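# A look at the structure
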Amino acid sequence: MFSDVPTFQQIVPLCQPKDIVHLLNELFTKFDRLIGLQKAYKVETVGDSYMSVGGIPDMVEDHCEIICHLALGKKKG
């Protein structure tokens, strides 16, 4: 799953740097929490982008379902 903040490039010039750092930290902390709940894998964060996958490092049959629940921000089950 690739995710990013819509209109991030338009938001940045209107904010203080500390506010941007706070926004991204809060967002990525929530994603990291969901990654742990879903047993997904965080690949990388760059700028406002977050990349994660299901089914690695341990292969699981429901890897698509894991990512769908992650995208919706809810716990599977």
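Computed from a predicted structure; not experimentally measured.

### Observations regarding the overall build of the protein
- Secondary structure assignment for the protein yields three helices and three strands.
- The helix and strand sequence of the protein, counted from the amino end, reads β-α-α-β-β-α.
- Projected onto the principal axes, the alpha-carbon positions of the protein cover approximately 45 × 20 × 15 Å.
- Excluding contacts between residues fewer than 6 apart, the proportion of contacts in the protein whose partners are at least 24 apart in sequence is 41%.
- Of the accessible surface of the protein, which amounts to about 5,600 Å², a share of 60% is contributed by carbon and sulfur atoms.
- Across the protein, the mean location of the 8 positive side-chain charges is 8 Å away from that of the 10 negative side-chain charges.

### Section: the packing of helix α2 (residues 17-38) against helix α3 (residues 63-72)
- Two elements in contact, α2 and α3, have axes separated by 10 Å at closest approach and are oriented at 150°. Taken together, α2 and α3 sit at an angle that is classed as roughly antiparallel. α3 is crossed by α2, and the crossing has right-handed handedness. Contacts between α2 and α3 pair Phe-31, Leu-34, Ile-35 and Gln-38 from the former with Ile-66, His-69 and Leu-70 from the latter.
- For the contact of α2 with α3, a count of residues per class yields five nonpolar, two polar and no charged.

### As for the nonpolar core
- Ranked by internal contacts, the top residues of the largest apolar core, which has 13 residues, are Phe-8, Leu-24, Phe-28, Ile-35, Ala-40, Tyr-50 and Leu-70.
- Elements with a contribution of two residues or more to this core: α2 and α3.
- Among the elements that make up this core, the one with the highest residue count is α2 (six residues).
- Residues within four places of Ala-40 in sequence aside, it is in contact with Ile-35, Val-53, Ile-66 and Leu-70.

### Considerations on the environment of Lys-18
- The topology assignment puts Lys-18 in helix α2.
- Here Lys-18 falls in the exposed class, since its relative accessible area comes to 63%.
- Linking Lys-18 and Leu-34, residues 16 residues apart in sequence, is a C-alpha distance of 24 Å.

Rules behind the numbers
- Residues numbered from 1 in each chain as written.
- Predicted model: local features only at pLDDT ≥ 70, side-chain atom pairs only at ≥ 80, totals over all residues.
- Heavy atoms only, no water.
- Helix = DSSP H or I, 4+ residues; strand = E, 2+ residues; numbered from the N terminus.
- Contact = heavy atoms within 4.5 Å.
- Areas by Shrake-Rupley, 256 points an atom, 1.4 Å probe, with all protein chains shown as cover.
- Lys, Arg positive; Asp, Glu negative; His and termini not counted.
- Charge placed at Lys NZ, Arg CZ, Asp CG, Glu CD.
- Axes fitted to C-alpha atoms, helices over the stretch in contact; angles between N-to-C directions.
- Parallel < 35°, antiparallel > 145°, perpendicular 65-115°, else oblique.
- Left-handed = near helix turned anticlockwise from the far one by under 90°.
- Nonpolar A, V, L, I, M, F, W, Y, C, P; charged D, E, K, R; others polar.
- Core = buried A, V, L, I, M, F, W, Y, C linked by side-chain atoms within 4.5 Å.
- Buried < 20%, exposed > 50% of the residue type's maximum accessible area, 1.4 Å probe, protein only.

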